[in-house]
Amino acid sequence: MRQRKFLWKIYYVLAAFSIIPLIVLGFYASSMFNDSLITNDSEILKVRTRLIKDKLESIPVDSADLNTLALKLDSLSSSRITFILPNGKVAADSREDASHMDNHADRPEVIEAINKGIGISQRFSFTIKEDYLYSAMPVYDNQKNLKLIVRSGYPLSGVRKEARNANIAIVLSIVLLSGIILVVGYISLKSILNPISLIKSGAERFAGGEFDKKIFPPENDELKSIANSLNIMARQLDEKLDIIGEQSNLQKAVLESMKEGVLAVDYDERILLINKTAEDILGITDKSAHGKTLQEVIRISEIQKFFKKIISEGNPHESEIILQHEKEKYLQLSGTLLYDIDNNALGSLVVFNDISNLKHLDTIKKDLVANVSHELKTPVTTIKGFIETLREGAIKDTKNAERFLEIIAKHIDRLNLIIDDLLILAKLEDKPDEIEYENENILKVLKSVIEDFEFKTSEKKISIEVKCDDKLEGRINKNLMEQAIGNLIDNAIKYSDKKSEIEIGAYEKDRTLVIYVKDSGYGISEEHMPRLFERFYRIDKGRSREEGGTGLGLAIVKHIVNGMNGIIEVDSKPGSGSTFTIKIPQEN
């Protein structure tokens, strides 16, 4: 390997010493050629200018003939010819209108011509808007008075084009010679180092995980043995990595598919493994949590203490904790020590279960049992009490006996209402997919419901206003929708003062049927909103029972709306009335 590096160093040094002189020579040749082009063109311009000067001094020239002369000389010499008066005014120019040209008294070639007899300059022409090479000479009359300054000009673009072509030829020659030197040297050195390079590149491929391309064994016996050994090693590594990859993918798939969160740390409490569920449960947004300490990633003291307890005691543990976020989250933790294949303890492993829904359902179940028991107990107790009173002799008191029987009948009716509502809820929950839909005229549905409450509204002198297009149709279950709207109207009547107004309306927006019931009653405070649609939940328990409600009306409404893939919204403030809005999608 050292010999190989030494040979490459020699190659680089020789290449550098061969190419650098070529580059220096090329730059020098280019510079000399550019200078020679400018010098050559300057001499040509001088000759042209002198010839023009001599001719002007030998013949009388009228100023009116200057333009014609300038154009004629331009065509003969392929140079721009300019005649300038002693005061700097341009008398004629072969390529521009002299009357529009600036005074040329300040031009460097003009000044130098007057002072030294000839002026040469390379500069930008503000008239032509191009770089020019100028040559100027003074023209005298027979009395040696300055008559004109004659100037010939040649655009440098042509000179530069010639220089550029020459430079390209020089550069190409240098590149070609350098390439020949490099290629010849490279081929010579490669013929020496190629077998080692092939083995090295093959080993690098194996190191990068490319095991499908084998190393071609060279003729040298020692190198051939090395190449064969590397090929055998690559095949074995490929087989073992395939097995490991399958196991890793299976493990990853299992971990990511688990509904439980899994988190493992070592004895230094650095994270060894964490799955997506654990990240979601614990609210971890750091995607580079692996390798960091538990304290850096999880700022929950109860979890940190739980891991410490497992590591310090070495026994499995279970616990439940509550995380206080936007809403309470209940977690069940199950932890144990983590062992490697040699049964050596590496750290600890904890499985997280989010049991918030179970806790919530348990709470709802307890509340439901308590509420059902309470709702049924009241009428049953009343019925039992009056029956015992009748048995004890009150049945002989005709007047009181009749009143007691009316009270018993009233509470039996209440029991029937509660049982009917519970049966409706059970049916809605049991077979929500069996709801049948038809296209119905919504205005007729609303009027049909309102007719059922004419007696109740007349008792409290409540007026109901309907706002609905008579052509509006919706795909709904008519009976269920009438029941849902009826429950909302019933509540609106119960919780509104006498002589108040109720507004019922419907419209379609964004392929969604919207039906609302708006009252000007007592309103609902914010604290009751989350539990408003729970069974038997009452805002004002005394008033609800006094009005004869079962406490299941809104729960039935919510189940009906959900069964039709819709939603129900509430907008209410205490003292400002309430608006219940049902939204049923009409896409399907």
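Structural data are supplied above this passage.
Model, not experiment: these values are computed from the prediction.

The final tally for this structure, using the stated rule, is zero aromatic pairs. Between the NZ or CZ atom of arginine 151 and the centre of the ring of tyrosine 134, over which it lies, the distance is 4.1 Å.

Quick look at the environment of isoleucine 300 now. Here isoleucine 300 lies in the loop between helix H7 (294-297) and helix H8 (301-313). Expressed as a C-alpha distance, the spacing of isoleucine 300 and leucine 323, which sit 23 residues apart in the sequence, is 8.4 Å. Sequence-distant contacts of isoleucine 300, that is, excluding residues within four places in its chain, are made with Leu282 and Leu323.

Three or more residues of helix H11 (residues 442-452) are buried, namely Ile442, Leu443, Val445, Leu446, Val449 and Ile450. One face of H11 carries all of its buried residues, which in axial projection span an arc of 160 degrees. Exposed and oriented more than 90 degrees from the buried face of H11 are Lys444, Glu451 and Asp452. Residue asparagine 441 occupies the N-cap position of H11, its side-chain oxygen lying 3.2 Å from the main-chain nitrogen of leucine 443.

Next up on the list: the sheet that holds strand S16 (residues 567-572). The mixed open sheet is built from five strands, whose spatial order is S12-S14-S15-S17-S16. Two strands bound the open sheet, and with one partner strand each, they are strand S12 (463-467) and S16. Neighbour-to-neighbour, the strand axes of this sheet turn through a mean angle of 15 degrees, independent of strand direction. The pairing of S16 with strand S17 (residues 578-585) spans six bridges and is antiparallel. Bridging from a neighbouring strand, aspartate 571 pairs with threonine 579 of S17. Along the sheet, H11 makes contact with S12, strand S14 (501-509) and strand S15 (512-519), crossing S14 at roughly 160 degrees. Across the sheet, helix H13 (residues 478-494) touches S12, S14, S15, S16 and S17, and the angle it forms with S15 is around 20 degrees.

Let's shift gears to the packing of H11 against H13. Where H11 meets H13, the axes come as close as 9 Å, and the angle between the chain directions of the two elements is 50 degrees. By the criterion of interaxial angle, the relationship of H11 to H13 is oblique. The two elements H11 and H13 cross, and the hand of that crossing is right-handed. For the pair H11 and H13, contact is made by Val445, Leu446, Ser448, Val449 and Ile450 and by Lys478, Glu482, Ile485, Gly486 and Ile489, respectively.

Below, the discussion takes up the pairing of S14. Sheet analysis places S12 next to S14, joined by five bridges and oriented parallel. Paired with glutamate 465 across the two strands is glutamate 503, which belongs to S14. Note that S14 and S15 share eight bridges and pair antiparallel. Following the sheet pairing, tyrosine 507 is matched in S15 by valine 514.

What counts and how
Residues numbered from 1 in each chain as written. Predicted model: local features only at pLDDT ≥ 70, side-chain atom pairs only at ≥ 80, totals over all residues. Heavy atoms only, no water. Phe/Tyr/Trp six-rings, centres within 6.5 Å; stacked < 30°, edge-to-face > 60°. Lys NZ or Arg CZ within 6 Å of the ring centre and 35° of its normal. Helix = DSSP H or I, 4+ residues; strand = E, 2+ residues; numbered from the N terminus. Contact = heavy atoms within 4.5 Å. Buried < 20%, exposed > 50% of the residue type's maximum accessible area, 1.4 Å probe, protein only. Arc of directions from axis to C-beta. Polar contact = N/O pair within 3.5 Å; in protein donor to acceptor, adjacent residues only side chain to side chain. Pairing = 2+ DSSP bridges. Axes fitted to C-alpha atoms, helices over the stretch in contact; angles between N-to-C directions. Parallel < 35°, antiparallel > 145°, perpendicular 65-115°, else oblique. Left-handed = near helix turned anticlockwise from the far one by under 90°.

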